[in-house]
2 protein chains.
Amino acid sequence: MKEILMKYLAKYTTLTEAEQQAIINDLIIEGFKKGTYLIKQGDSPTKKCFFVLKGCVRQYYLDDDGKEVTSNFYTEEQAILLFNYEEPDQSSNYSLTCQEDCALVVADVESELKMYKQYTELESMTRSMMENYLAQAQNEYAKFIRSSPEARYKMIVQNRPDLLKRVPQHQLASYLGMTPESLSRIKKRIQ
Amino acid sequence: MKEILMKYLAKYTTLTEAEQQAIINDLIIEGFKKGTYLIKQGDSPTKKCFFVLKGCVRQYYLDDDGKEVTSNFYTEEQAILLFNYEEPDQSSNYSLTCQEDCALVVADVESELKMYKQYTELESMTRSMMENYLAQAQNEYAKFIRSSPEARYKMIVQNRPDLLKRVPQHQLASYLGMTPESLSRIKKRIQ
DNA sequence: TATCCTTCTTAACTTAAGTCAATGCTCCAT
DNA sequence: ATGGAGCATTGACTTAAGTTAAGAAGGATA
């Protein structure tokens, strides 16, 4: 499991193998059963973040009508970064729930900051990763906005085909910004 | 003009005033006339990024049909971060053009990295800002996806009313993921 | 096995957005 | 001032997605 993390450190830093090991040994890997909530909407602001080693985590919120709106699915090798601790007065805007049995790296912000102090390269790596995430998010956003629900479905088929099998369709529909009925019809339409 | 930058440094770092001054004196502030292109789609990958002190910069790309799709408007105190240098083989996906006369901080990646080496706190600040940007982007995305064109228009009226006056409507429409005709009708519908 | 609950599909209807086309408006340049 | 280009509005029509409601399929549980 920890090889995945080693891969990251090796790729983005020039830390020695010993240092890499030291860092990884400090990390906490936890297992979570399907259905577990990592955070619930309304909880006091999280100081935690996660990295998915195995499984699938769904992020959602309840809209004004009380309906679940799925805003993300996190799967293998994706980081779950909810930065609502930046507005410390606000409670969590989202819920995080395990769609499957999961293995996650669990980190809290304080120890993260400590680590940055100890290994400045680690912070460089994080900065660089954040830039990548942001770039990706911007690109996806730009494409998505301009797409019809049908085009969005085709995109997900292209980019994250695994989700189609791992995730209930009505949740996928809401993630794609459409109704379950629409998704059903689109699937039929394009066979 | 430089006070804005000082504000950032003071807010997010504990650098001494002298250090802050030194950093800011290293920055290049350039003026650009309305209509100037900062980058053109297809250019070789940029090593530059910008920070808007004054004016409005539009980011757009040409879709498969050759139509302009506006993916962002950057105004005062917003950073323009195009991280396509992460995929060094690819050319720029976007064009950046000045909608108005602009004053921008122009930075290039190499000198940025050098500065990080010199002032590690500066990299901390950047990491933290990136996390904020990302969080913001994710939140906006989640809201947007689930909204109708009409709801999106209302959101922009709420959040960035200045854009309504600064920007041609057909560009705004494409930024909101709708046709100019739709935007015109929506405006009429809700007076 | 029978029952219940959730999910998915299908249908009929409504509506808002896309498309195409024509008309006006504004600003700019000559 | 005039003409032209680009932009905004409006209308008629088409279409895809939302809404509501009903039924079918699949899984879990007793």
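Residues numbered from 1 in each chain as written. Chains lettered and ligands numbered in written order. Predicted model: local features only at pLDDT ≥ 70, side-chain atom pairs only at ≥ 80, totals over all residues. Heavy atoms only, no water.

Asker: For the relation of the copies chain B and chain A, give the residues involved together with the corresponding values.
Answerer: For the match of chain B to chain A, the screw axis carries a shift of 0.0 Å, the RMSD comes to 0.0 Å, and the turn is 180 degrees. As the rotation angle and translation indicate, the two copies are arranged about a two-fold axis. Residues of chain B ranked by C-alpha distance from the rotation axis are headed by Arg127 of chain B, positioned 2.3 Å from it. Both copies contact each other with a shared surface, as 100% of the interface residues of chain B are interface residues in chain A too. (Least-squares fit on C-alpha atoms with pLDDT ≥ 70 in both. Contact = heavy atoms within 4.5 Å.)

Asker: Please give an account of the interface of chain B and chain A that cites residues and values.
Answerer: With 39 residues of chain B at the interface, the matching set in chain A holds 39 residues. Taking both sides of the interface into account, the surface hidden between chain B and chain A amounts to around 3,400 Å²; carbon and sulfur atoms contribute 55%. Summed over the three residues of chain B that lose the most area to chain A, namely Arg127, Tyr141 and Arg146 of chain B, the buried surface amounts to 20% of that side. Where chain B packs against chain A, one counts two salt bridges. Between Arg127 of chain A and Glu123 of chain B there is a salt bridge, with the nearest N and O atoms lying 2.5 Å from each other. Contributing elements (two or more residues each) for the side of chain B that touches chain A: strand 5 (68–74), helix 3 (109–118), helix 4 (120–145) and helix 7 (169–175) of chain B. Of the residues in the side of chain B that touches chain A, the class split is 21 nonpolar, 10 polar and eight charged. (Buried area = accessible area lost by both parts, 1.4 Å probe. Salt bridge = Lys/Arg side-chain N within 4 Å of Asp/Glu carboxyl O. Helix = DSSP H or I, 4+ residues; strand = E, 2+ residues; numbered from the N terminus. Nonpolar A, V, L, I, M, F, W, Y, C, P; charged D, E, K, R; others polar.)

Asker: Please provide a residue-by-residue account of helix 1 (residues 2–12) of chain A, values included.
Answerer: Looking only at helix 1 of chain A, the buried set comprises Ile4, Leu5, Met6, Tyr8 and Leu9 of chain A. In this fold, the buried residues of helix 1 of chain A make contact with helix 2 (17–26), strand 3 (48–54), strand 8 (102–108) and helix 4 (120–145) of chain A. (Buried < 20%, exposed > 50% of the residue type's maximum accessible area, 1.4 Å probe, protein only.)

Asker: How would you summarise the protein's contact with DNA strand C if you had to cite specific residues and measurements?
Answerer: If you check the shell around DNA strand C, you find 17 residues, and the closest are Gln169 and His170 of chain A together with Thr179, Ser182 and Arg189 of chain B. The sugar-phosphate backbone supplies 70% of the atoms of DNA strand C found within 4 Å of the protein. Every element with two or more residues in the surface near DNA strand C is listed here: helix 7 (169–175) and helix 8 (180–189) of chain A together with helix 5 (149–159) and helix 8 (180–189) of chain B. Broken down by element, the surface near DNA strand C gets its largest block of residues, five residues, from helix 8 of chain A. Classifying every residue of the surface near DNA strand C by side-chain character gives three nonpolar, six polar and eight charged. (Near = heavy atom within 4 Å.)

Asker: Let's hear about the protein's contact with DNA strand D: which residues, and what values?
Answerer: In the neighbourhood of DNA strand D, 17 residues make up the surrounding shell, with Thr179, Glu181, Ser182 and Arg189 of chain A together with Gln169 of chain B lying closest. Looking at DNA strand D alone, sugar and phosphate atoms form 76% of those within 4 Å of the protein. Within the side chain of Arg185 of chain A, one N or O atom sits 3.1 Å away from a base oxygen of DNA strand D. Between DNA strand D and the protein, one listed contact pairs a phosphate oxygen with a backbone N or O atom of Gln169 of chain B at 2.7 Å. Those elements that provide at least two residues to the surface near DNA strand D are helix 5 (149–159) and helix 8 of chain A together with helix 7 and helix 8 of chain B. Among the elements that take part in the surface near DNA strand D, helix 8 of chain B stands out by supplying five residues, more than any other. Partitioned by chemical class, the residues of the surface near DNA strand D number three nonpolar, six polar and eight charged. (Polar contact = N/O pair within 3.5 Å; in protein donor to acceptor, adjacent residues only side chain to side chain.)

Asker: An account of the packing of helix 5 of chain A against helix 8 of chain A is needed here, citing residue identities and associated values.
Answerer: All names here are of chain A. Two numbers describe how helix 5 lies on helix 8: the axes approach to 10 Å, and their chain directions differ by 70 degrees. Between helix 5 and helix 8, the angle is such that the two are roughly perpendicular. Touching Pro149, Glu150 and Tyr153 of helix 5 are Leu183, Ile186, Lys187 and Arg189, all from helix 8. (Axes fitted to C-alpha atoms, helices over the stretch in contact; angles between N-to-C directions. Parallel < 35°, antiparallel > 145°, perpendicular 65-115°, else oblique.)

Asker: How would you summarise the packing of aromatic side chains if you had to cite specific residues and measurements?
Answerer: Across all of its chains, the model carries 11 aromatic pairs over all chains by this definition. Centroid distance Phe73 of chain A to Tyr175 of chain A: 5.3 Å. Interplanar angle 80 degrees. Geometry classified as edge-to-face. Of this pair, Phe73 of chain A sits in strand 5 (residues 68–74) while Tyr175 of chain A sits in helix 7, placing them 102 residues apart in sequence. Classification of Phe73 of chain A as buried rests on a relative accessible area of 0%. Tyr175 of chain A gets classed as buried once you look at its relative accessible area, which sits at 10%. Within the aromatic cluster, the residues linked to one another by ring pairs are Tyr141 and Phe144 of chain A together with Tyr141 and Phe144 of chain B. Lying across the ring of Tyr37 of chain A, Lys40 of chain A places its NZ or CZ 4.9 Å from the centre. (Phe/Tyr/Trp six-rings, centres within 6.5 Å; stacked < 30°, edge-to-face > 60°. Lys NZ or Arg CZ within 6 Å of the ring centre and 35° of its normal.)

Asker: Describe the nonpolar core, with residues and values.
Answerer: Grouped together as the largest cluster of nonpolar side chains are 52 residues, with contacts concentrated most on Phe51 of chain A together with Phe51 and Leu122 of chain B. Those residues in contact with Phe51 of chain B that lie beyond four places of it in its chain are Ile4, Leu5, Tyr8, Glu77, Gln78, Ala79, Ala103, Leu104 and Val105 of chain B. Phe73, Tyr153, Ile156 and Leu172 of chain B belong to the second largest nonpolar core, which has 34 residues in total. (Core = buried A, V, L, I, M, F, W, Y, C linked by side-chain atoms within 4.5 Å.)

Asker: I'd like a description of the pattern of salt bridges, backed by residues and values.
Answerer: This structure, assessed with the given rule, holds 20 salt bridges over all chains. Among the ionic pairs, Arg127 of chain B bridges to Glu131 of chain B, the shortest N-O distance being 2.9 Å. Placement of the pair is Arg127 of chain B and Glu131 of chain B together in helix 4, with a separation of four residues, close to one helical turn. The same class applies to Arg127 of chain B as to Glu131 of chain B, namely buried. Between Asp162 of chain B and Arg166 of chain B there is a salt bridge, with the nearest N and O atoms lying 3.5 Å from each other. In this pair, Asp162 of chain B and Arg166 of chain B both sit in helix 6 (residues 161–166), four residues apart, roughly one turn of the helix. In this structure Asp162 of chain B comes out as partly exposed when scored by relative accessible area, which is 32%. A network of salt bridges, in which partner residues are shared, links Glu76, Glu100, Asp162 and Arg166 of chain A.

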